[in-house]
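One letter stands for each residue in the lines below.
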Amino acid sequence: MFRELGWNAVDTDAICGALHGNPESGIQPLLRERWGDRALAPDGTTEKRTVADIVFADEKERKWLEQIVHPFIRQEAERQIAHFSEDACVMVDVPLLFECGWEKELEATIAVWASPGVQMERLLARGWSRTHAEFRIASQLSADRKLELADYGIINDSDLETLKKQCMELNRHLNS
């Protein structure tokens, strides 16, 4: 929505997906070394479901994966940001912003909040089991805590029109 409002954007989830989907990214040999061939699909890309099952069932494994993948994500995000002009406004979408400590390097932070019930509903709609969704939610700071830490908040518990209105209002505020 912020892209539609004229913002340049960098999506770290998309970067992460691209890294896992590229057998030449450099992370797959590390995954294979740690978890064996089960961590990789036949085409050499990351077997995301298997890796997710591993890391969301064991905090030690999740932290290891984050330590491995986050530097790759950060490097690519910085490369993308460098392509924008120096005075460009750039929105960087970082789901684990506060967990990674990246908020210290940004001018402002925005948390997108949804109630636990809505979070669960959305994760289940992705085809994940309730147990897997619970592990994912538990592995991150709560939406409430992220809202407390952020400079701004968007409530994403309703319909798309309500979300658009909030984004438009925040855009007006940030550009004033």
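Residues numbered from 1 in each chain as written. Predicted model: local features only at pLDDT ≥ 70, side-chain atom pairs only at ≥ 80, totals over all residues. Heavy atoms only, no water.

1. Brief notes about the overall build of the chain
Let me state the cut-off plainly: Numbering of helices and strands runs from the N terminus, with a helix taken as a DSSP run of H or I at least four residues long and a strand as a DSSP run of E at least two residues long. Throughout, the radius of gyration refers to the C-alpha atoms, and the reference size of a globule is 2.2 Å times the residue count to the power 0.38. Throughout this description, buried means an accessible area under 20% of the type-specific maximum (1.4 Å probe, protein chains only), exposed means over 50%, and partly exposed covers the range between. Areas reported here follow the Shrake-Rupley algorithm with a probe of radius 1.4 Å; residue values treat only the protein chains shown as occluding.
The number of helices and strands found in the chain is nine helices and four strands. Reading the chain from its N end, one meets helices and strands in the order β-α-α-α-α-β-α-β-α-α-α-β-α. Against the globule reference of 16 Å for 176 residues, the chain gives a C-alpha radius of gyration of 17 Å, in line with a compact fold. Within the chain, the proportion of its 176 residues that are buried is 34%. Carbon and sulfur atoms make up 50% of the accessible area of the chain, which totals about 10,900 Å².

2. A word on helix α9 (residues 160–174)
What counts, and what does not: An expected span of 1.5 Å times one less than the residue number is assigned to each helix. Our arc is simply the arc of the directions from the helix axis toward the C-beta atoms. Residues are treated as being in contact if the distance between any of their heavy atoms lies within 4.5 Å.
For α9, with 15 residues, the first-to-last C-alpha span of 21 Å sits near the 21 Å given by 1.5 Å per residue. Within α9, burial applies to L163, C167, L170 and N171. All buried residues of α9 fall inside an arc of 105° around its axis, so they share one side. Check the buried side of α9 and you find it contacts β3 (110–113) and β4 (152–155).

3. Re the side chain of T12
How we decide: Definition of a polar contact: a pair of N or O atoms within 3.5 Å, with one able to donate and the other able to accept a hydrogen when the atoms are protein atoms, and with sequence-neighbouring residues admitted only if both atoms are side-chain atoms.
Within the secondary structure, T12 is located in helix α1 (residues 12–21). Here the side chain of T12 touches D93 through a polar contact of 2.6 Å, landing on its backbone oxygen. Those residues in contact with T12, other than ones at most four positions away along the chain, are I73, A77, V92, D93, V94, P95 and W102.

4. With respect to the pattern of salt bridges
Spelled out, the test is: The term salt bridge refers to a pairing of a side-chain nitrogen on Lys or Arg with a carboxyl oxygen on Asp or Glu at a separation within 4 Å.
Scanning all chains against the criterion turns up eleven salt bridges. We note a salt bridge from E148 to R145, for which the minimum N-O separation is 2.9 Å. Taken together, the residues E148 and R145, both in helix α8 (residues 143–149) and three residues apart, mark about one turn of the helix. Taken together, the salt bridges that share partners define one network made up of E59, R62, K63 and E66.

5. Comments concerning the packing of aromatic side chains
Put simply, the rule is: A pair of aromatic rings is counted whenever rings of Phe, Tyr or Trp (Trp by its six-membered ring) have centres within 6.5 Å, and the orientation is called stacked for planes under 30 degrees apart, edge-to-face for over 60 and tilted otherwise.
The final tally for this structure, using the stated rule, is two aromatic pairs. Summarising the aromatic geometry, the rings of F2 and W7 are spaced 6.1 Å apart at their centres and angled 85° between planes, so their arrangement reads as edge-to-face. Both residues of the pair, F2 and W7, belong to the buried class. Seen from their ring centres, W35 and W64 are 5.1 Å apart, and the 75° between their planes marks the pair as edge-to-face. Of this pair, W35 sits in helix α2 (residues 28–35) while W64 is found in helix α4 (residues 59–82), placing the two residues 29 residues apart along the sequence. With a relative accessible area of 8%, W35 lands in the buried category. For W64, a relative accessible area of 16% translates into the label buried.

6. Topic: the nonpolar core
Which entries qualify depends on this criterion: By nonpolar core we mean a set of buried residues, namely Ala, Val, Leu, Ile, Met, Phe, Trp, Tyr and Cys, connected to one another through side-chain atoms within 4.5 Å.
Counting residues in hydrophobic clusters, the biggest one holds 24 residues, and the most contacted among them are W35, V55 and L65. When residues of this core are traced back to their parent elements, those giving at least two are α1, α2, α3 (48–55), α4 and α5 (97–100). Per element, the largest residue contribution to this core is six residues, and it comes from α4. When sequence neighbours within four positions are dropped, the list of residues in contact with V55 reads W35, E61, R62 and L65.

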